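# Examination of the molecular architecture
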Amino acid sequence: MTPKRSDSLADLGRFSEPALHILISLADGPKHGYAMTQDIEQITGQKPGPGTLYGAITRLEARGWIEALPAADRRRPYKLAGAGQQVLRARLEGLRSVMRIGQTRLASG
Amino acid sequence: MTARQLLWLYPRGWRERYAEEFVAFLGDRQLGVGEWIDIVSGAVDARLSPEVRRATARAGSQGGEETMSVLQALKRRECGESTASIGESLVGAAVIIFGTMACVAAGNWLTGLGQAGWGELLQTSGWLFLFVLVANTVFLKGQSWRVRALFVGGQFVVLLLLLWPR
């Protein structure tokens, strides 16, 4: 099911890309802020700033796309929620389609 | 400057929900310029974004007991509530609107007196100074004098340096 427009990552404005990276990072299991940053740096080559990371976490949590777990040693891990999985699937599907079109046009150009 | 020091730029609800893990995430090390700018811009976003304000106000009221320390409670008693009332926000808006009109009129008057530089400054940028001034009573309500001085004083200095008629 494709999420409604109001439930899409694009609504997060400048936080949509960091939010996508967080969802991808949490797709293989819960992580706290520091582990997410390391993971995102490994995936994208760029480390999100602390203000940006927590701006995105706040929005994702408010929308119920990620859930906070009990804190361990002051660090609070987050896990991907069911709604977050749907949003992530839809976004990756959208990106796949954009990539396909781009590659087709490049090949024919 | 450390994360713990910059944390006070964030609204209270946000701090109650995220402060502990944010400090644990960054530790007490000195921050780089890039991180410093990113945190300040995150604090501005947390104060101005209705979505973040709503979410953290709710989280603060639900889960605040976990992180509400005696110090924070004392600070609240000392500074009062940190959210401006509708009345205070409307007064702030009126100050900006009517103040801008007054600035434009004063700018015209100064231009007529041959002070074109000052006249232009008032006409084009008067509202910016008013906005910063009003921020002190609306967005920064309940904050410590240090935070107010940084936001208001710092922005006034920057605006004056940028806009001073030459």
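Everything here concerns the structure above.
Predicted, not measured: the structure shown is a model, and the values here were computed from it.

## Brief notes about the overall build of chain A
Helices and strands together make up the secondary structure of chain A, namely four helices and two strands. What you see in chain A, going N to C, is helices and strands ordered as α-α-α-β-β-α. Going through the 109 residues of chain A one by one, you find that 39% of them count as buried. Restricting to contacts in chain A with at least 6 residues of sequence separation, those with at least 24 account for 51%. When the accessible surface of chain A is split by element, carbon and sulfur atoms take 51% of a total near 6,100 Å².

## Details of the packing of helix 1 (residues 16-26) of chain A against helix 3 (residues 50-62) of chain A
Residues and elements named next belong to chain A. Running from N to C, helix 1 and helix 3 point in directions that differ by 75°, and their axes come no closer than 9 Å. Between helix 1 and helix 3, the angle is such that the two are roughly perpendicular. Along the contact surface, helix 1 presents Pro-18, Ala-19, Ile-22 and Leu-23, while helix 3 presents Thr-52, Leu-53, Ala-56, Ile-57 and Leu-60.

## Things to note about the packing of aromatic side chains
For the coordinates displayed, the defined rule picks out eight aromatic pairs over all chains. Between the aromatic rings of Tyr-54 of chain A and Phe-25 of chain B, the centroid separation amounts to 5.8 Å while the plane-to-plane angle is 50°, which identifies the pairing as tilted. Residue Tyr-54 of chain A is located in helix 3, and its partner Phe-25 of chain B is located in helix 2 (residues 12-26); the two belong to separate chains. No difference in accessibility class separates Tyr-54 of chain A from Phe-25 of chain B, as the two residues are buried. The interplanar angle of 25° and the centroid separation of 4.0 Å between the aromatic rings of Tyr-10 of chain B and Trp-14 of chain B together place this pair among those described as stacked. Residue class for Tyr-10 of chain B comes out buried when judged on its relative accessible area of 1%. By relative accessible area, Trp-14 of chain B is classed as buried at 2%.

## Quick word on the pattern of salt bridges
Under the counting rule described, the total for this entry stands at eleven salt bridges over all chains. When the shortest N-O distance is used, the salt bridge between Glu-35 of chain B and Arg-29 of chain B registers 2.8 Å. Glu-35 of chain B gets classed as partly exposed once you look at its relative accessible area, which sits at 22%. For Arg-29 of chain B, a relative accessible area of 40% gives the class partly exposed. If you follow the salt bridges from partner to partner, you end up with Glu-61 and Arg-76 of chain A together with Arg-17 and Glu-21 of chain B in one network.

## Examining helix 6 (residues 86-112) of chain B
Taking 1.5 Å per residue as the helical rise, helix 6 of chain B with its 27 residues ought to reach 39 Å, and the 39 Å between its terminal C-alpha atoms agrees with that figure. Where helix 6 of chain B is buried, its residues touch helix 7 (116-137) of chain B.

## Structural notes on the interface of chain A and chain B
Accessible area lost when the parts come together is the quantity often used to give the size of an interface. Facing 22 residues of chain A, the contacting portion of chain B comprises 25 residues. In total, about 1,900 Å² of surface goes out of reach between chain A and chain B, with carbon and sulfur atoms giving 50% of it. Its largest share of buried area at the contact with chain B, chain A owes to Pro-50, Tyr-54 and Arg-74 of chain A, together 36% of the area lost on that side. The interface formed by chain A and chain B contains four salt bridges.

## Focus: the side chain of Arg-59 of chain A
Tracing the sequence through the fold places Arg-59 of chain A in helix 3. In this structure the side chain of Arg-59 of chain A is engaged in a polar contact, spanning 3.2 Å, whose partner is the backbone oxygen of Gly-55 of chain A. There is a polar contact of 3.4 Å between the side chain of Arg-59 of chain A and the side chain of Ser-49 of chain B. Excluding residues within four positions of it along the chain, Arg-59 of chain A makes contact with Leu-12 and Phe-15 of chain A together with Asp-45, Ser-49, Glu-51 and Val-52 of chain B.

## Some details on the environment of Gly-51 of chain A
With respect to the element layout, Gly-51 of chain A can be found in helix 3. Setting aside chain neighbours within four positions, we find Gly-51 of chain A in contact with Phe-15 of chain A together with Tyr-10, Asp-38, Ile-39 and Gly-42 of chain B.

## Regarding the nonpolar core
Residues Ile-22, Leu-23 and Ile-57 of chain A together with Trp-14 of chain B are the most contacted members of the largest nonpolar core, which totals 45 residues. When residues in this core are grouped by element, the largest group, seven residues, is from helix 2 of chain B. Two domains each provide a minimum of three residues to this core, namely domain 1 (3-76) and domain 2 (86-163) of chain B.

Rules behind the numbers
- Residues numbered from 1 in each chain as written.
- Chains lettered and ligands numbered in written order.
- Predicted model: local features only at pLDDT ≥ 70, side-chain atom pairs only at ≥ 80, totals over all residues.
- Heavy atoms only, no water.
- Helix = DSSP H or I, 4+ residues; strand = E, 2+ residues; numbered from the N terminus.
- Buried < 20%, exposed > 50% of the residue type's maximum accessible area, 1.4 Å probe, protein only.
- Contact = heavy atoms within 4.5 Å.
- Areas by Shrake-Rupley, 256 points an atom, 1.4 Å probe, with all protein chains shown as cover.
- Axes fitted to C-alpha atoms, helices over the stretch in contact; angles between N-to-C directions.
- Parallel < 35°, antiparallel > 145°, perpendicular 65-115°, else oblique.
- Phe/Tyr/Trp six-rings, centres within 6.5 Å; stacked < 30°, edge-to-face > 60°.
- Salt bridge = Lys/Arg side-chain N within 4 Å of Asp/Glu carboxyl O.
- Expected span 1.5 Å × (residues − 1).
- Buried area = accessible area lost by both parts, 1.4 Å probe.
- Polar contact = N/O pair within 3.5 Å; in protein donor to acceptor, adjacent residues only side chain to side chain.
- Core = buried A, V, L, I, M, F, W, Y, C linked by side-chain atoms within 4.5 Å.
- Domains from an automatic or database assignment.

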